[in-house]
Every structure is written in structure tokens, then in C-alpha cells.
Amino acid sequence: MKAGVPLSNAYRLINHGPVLLLSTRRRGRANVCAVSWVTPVDADLVAVVLSEENDSFRSVMETGEFVLNVPNRSLLRQVVGCGSVSGRECDKFRRFGLTPTRARRVRAPRVAECIGHLECRVLPGGARLARRHNLFIARVVAAAAERGLFTKRWMMRSPRARSLHHLGGNVFAVPDGRELR
Ligand SMILES: Cc1cc2nc3c(=O)[nH]c(=O)nc-3n(C[C@H](O)[C@H](O)[C@H](O)COP(=O)(O)O)c2cc1C
């Protein structure tokens, strides 16, 4: 027996990929926000949905660049903070004790405390999709992960490699580290 799921919640059946921190730099100012509406659409392409009310939307529109940073479970407080406060109100890096560091291929910073990074550039013509659907499709131009935690895939046996998964509201899940084959 299955119970119906309201369409407003239907995406939660499949949208429990890791929550990420999206970092940007616009006119010299770095910002970071939480995102869970993210999915790979090819090996080196990602799709991200950003509300136009977010400062990060403006930054990505203006610069065409961002970094997707993978936080582990130890960064839950920072993820919730970066997902609740706008960069228009404060410097979130400072407020939540996060460190912006140089990325390799884009001007947007990496978040040093995160265990993985995808540096991304919005595809040419991407602004139209963003204006209509808030959707950015971007090419991954560089990627990095912490040594020992990722070799072709996350080594979830290490608690430090365990990502956070947003289930809705203020509830998150963490993988239990078992690998099934
Ligand atoms: C777990 C979580 C996931 C979120 N996912 C998204 C998302 O995918 N897209 C989005 O636009 N906002 C998302 N948000 C909300 C933004 O992070 C939030 O509005 C943030 O304050 C925007 O900051 P900014 O104005 O500095 O860009 C999420 C928030 C949380 C807590």
C-alpha cells in the first residue's frame, strides 16, 4: 500500500543528494549559501536552481561562476546558518567561521572547511534559463576532494567523508557508512 504524496513534497522522494555550500565572489565580496536543488546532468555538467531572491542568484548571474563545496556532517550548523541568513545582511564566512580560499579556475572562492569542491562556469546563454526557471547549467572546470576521503567515490567508512542530506524543514540525514555491493 502506498500513500499519496502532495506534489509540493514530491521532489523529496528523490532529492536527498548531498546539501552543498555554493560560494560566489561579486565585486570583490565573497558569499556562501546552502543549496540542495543541485544535480549532475553529465559527468562535467551540473544543474543548480537558485531563487532570484537570493544574493547568490545575482552573483551567479553577474559573474557566471560559482563553486559547489561539499560539507561533511561536522558543518551542519554552518550549513543551516548559510541557508538562513542572506549575504546582503552580513559576511557569512566570518559569521559562521568559514574560510574562503583561492579556487584553481574561477574567481569564486572555495570554502576551505569543506571536503570537496566543484568549480563551475555557467554555460554560454545560461542567463535565459535562469531568468525563466531560476536554473543554471554549468560546466565543472576543476574539482578537488580531500585526500584519503575520495578515491573514485566517497570513502564513507570514514566518518569525515559522510555528507549531509536535507530531508526537509530542519531535518537532515547522514549515510551510515556501509557500502552495499
Ligand atoms: C538545507 C538548505 C538547502 C537549501 N537549498 C537551496 C537551493 O537549492 N536553492 C536556493 O535558492 N536556496 C536554497 N536554500 C536557501 C538559501 O540557502 C537561503 O535563502 C540563503 O539565505 C541565501 O543566501 P544569499 O542571499 O546570501 O544568497 C537552502 C537552505 C537550506 C537550509
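Residues numbered from 1 in each chain as written. Predicted model: local features only at pLDDT ≥ 70, side-chain atom pairs only at ≥ 80, totals over all residues. Heavy atoms only, no water.

Draft legend 1. View of the nonpolar core. Grouped together as the largest cluster of nonpolar side chains are 22 residues, with contacts concentrated most on Leu 22, Val 35, Leu 50, Phe 66 and Leu 68. Listed by contribution, the elements that provide at least two residues to this core are strand S1 (20-26), strand S2 (29-35), strand S4 (45-49), helix H2 (55-63), strand S5 (65-70), strand S8 (116-122) and strand S9 (135-145). Ignoring sequence-local partners within four residues, the contact set of Val 35 consists of Pro 18, Val 19, Leu 20, Leu 22, Leu 50 and Leu 68. One finds Leu 21, Ala 30, Val 79 and Leu 164 within the second-largest nonpolar core, a separate group that totals 15 residues. (Core = buried A, V, L, I, M, F, W, Y, C linked by side-chain atoms within 4.5 Å. Buried < 20%, exposed > 50% of the residue type's maximum accessible area, 1.4 Å probe, protein only. Helix = DSSP H or I, 4+ residues; strand = E, 2+ residues; numbered from the N terminus. Contact = heavy atoms within 4.5 Å.)

Draft legend 2. Layout of the environment of Phe 172. Note on placement: Phe 172 falls in strand S13 (residues 171-173). Here the alpha-carbon distance between Phe 172 and Pro 18, two residues 154 residues apart in the chain, equals 9.7 Å. Every residue in contact with Phe 172, bar those within four places of it in the chain, is listed here: Val 19, Leu 76, Val 79, Val 80, Leu 164, His 165, His 166 and Leu 167.

Draft legend 3. Layout of the site of the ligand. Neighbouring the ligand are 22 residues; Asn 31, Ser 51, Ser 56, Ser 86 and Gly 87 lie closest to it. Between the ligand and the protein, one listed contact pairs a nitrogen atom with a backbone N or O atom of Ser 36 at 3.0 Å. Gly 87 is positioned such that a nitrogen or oxygen atom in its backbone is 2.7 Å from an oxygen atom of the ligand. Summarising the interface, the protein chains cover 86% of the accessible area of the ligand, which totals 640 Å² for the free molecule. Of all the cavities here, the one that holds the ligand is the second largest pocket. Elements with a minimum of two residues in the shell around the ligand: S2 and H2. A total of four residues in the shell around the ligand trace back to one element, the largest contributor, which is S2. Across the shell around the ligand, the residue classes break down as 10 nonpolar, 10 polar and two charged. (Near = heavy atom within 4 Å. Polar contact = N/O pair within 3.5 Å; in protein donor to acceptor, adjacent residues only side chain to side chain. Areas by Shrake-Rupley, 256 points an atom, 1.4 Å probe, with all protein chains shown as cover. 1 Å grid on protein atoms, 1.4 Å probe; cavity = no way out; pocket = protein on both sides within 12 Å on 5 of 7 lines; lining within 4 Å. Sits in = over half its atoms within 2 Å of the grid points. Nonpolar A, V, L, I, M, F, W, Y, C, P; charged D, E, K, R; others polar.)

Draft legend 4. Broad picture of a nonpolar patch on the surface. Residues Val 5, Leu 13 and Ile 14 make up a contiguous nonpolar surface patch of roughly 320 Å² in combined accessible area. Residue position: Ile 14 is located in the loop between helix H1 (7-10) and S1. Since its relative accessible area comes to 73%, Ile 14 is described here as exposed. (Patch = residues over 30% accessible without salt bridge, like charges linked within 9 Å, V, L, I, M, F, W, Y side chains within 5 Å. Salt bridge = Lys/Arg side-chain N within 4 Å of Asp/Glu carboxyl O.)

Draft legend 5. Layout of the pairing of S5. Of all six residues that make up S5, six are buried, and the element is covered over most of its length. Both faces of S5 are covered, namely the face carrying Glu 65, Val 67 and Asn 69 and the face carrying Phe 66, Leu 68 and Val 70. Looking at chain direction, S1 and S5 are connected through three bridges and run antiparallel. Looking at S5, one finds that Ser 23 is bridged to Val 67. Sheet topology places S5 next to S8; six bridges connect them, and they run antiparallel. Looking at S8, one finds that Glu 65 is bridged to Arg 121. (Pairing = 2+ DSSP bridges.)

Draft legend 6. Highlighting the packing of aromatic side chains. This model, assessed by the stated rule, comprises two aromatic pairs. Residues Phe 57 and Phe 136 carry aromatic rings whose centres are separated by 5.5 Å and whose planes lie at 65 degrees to one another, so their mutual orientation is edge-to-face. Of the two residues, Phe 57 is situated in helix H2 and Phe 136 in strand S9; the sequence distance between them amounts to 79 residues. Like Phe 136, Phe 57 is buried. Relative to Trp 154, the ring of Phe 150 lies with its centre 5.1 Å away and its plane at 80 degrees, an arrangement referred to as edge-to-face. (Phe/Tyr/Trp six-rings, centres within 6.5 Å; stacked < 30°, edge-to-face > 60°.)

Draft legend 7. Region of interest: the layout of surface pockets. The calculated volume of the largest pocket comes to roughly 580 Å³. Together, 26 residues line the largest pocket, and Pro 18, Leu 20, Val 70, Leu 118 and Trp 154 are the ones closest to its centre. Taken together, the elements giving at least two residues each to the lining of the largest pocket come down to strand S3 (38-42), S4, S5, S8, S9 and strand S11 (153-154). The class makeup of the residues in the lining of the largest pocket is 17 nonpolar, six polar and three charged. What the second largest pocket holds in volume is close to 460 Å³. What lines the second largest pocket is a set of 28 residues, among which Ala 34, Val 35, Asn 54, Cys 82 and Gly 83 lie closest to the centre. (Points joined across faces, edges and corners; volume = space filled by probe spheres on them.)

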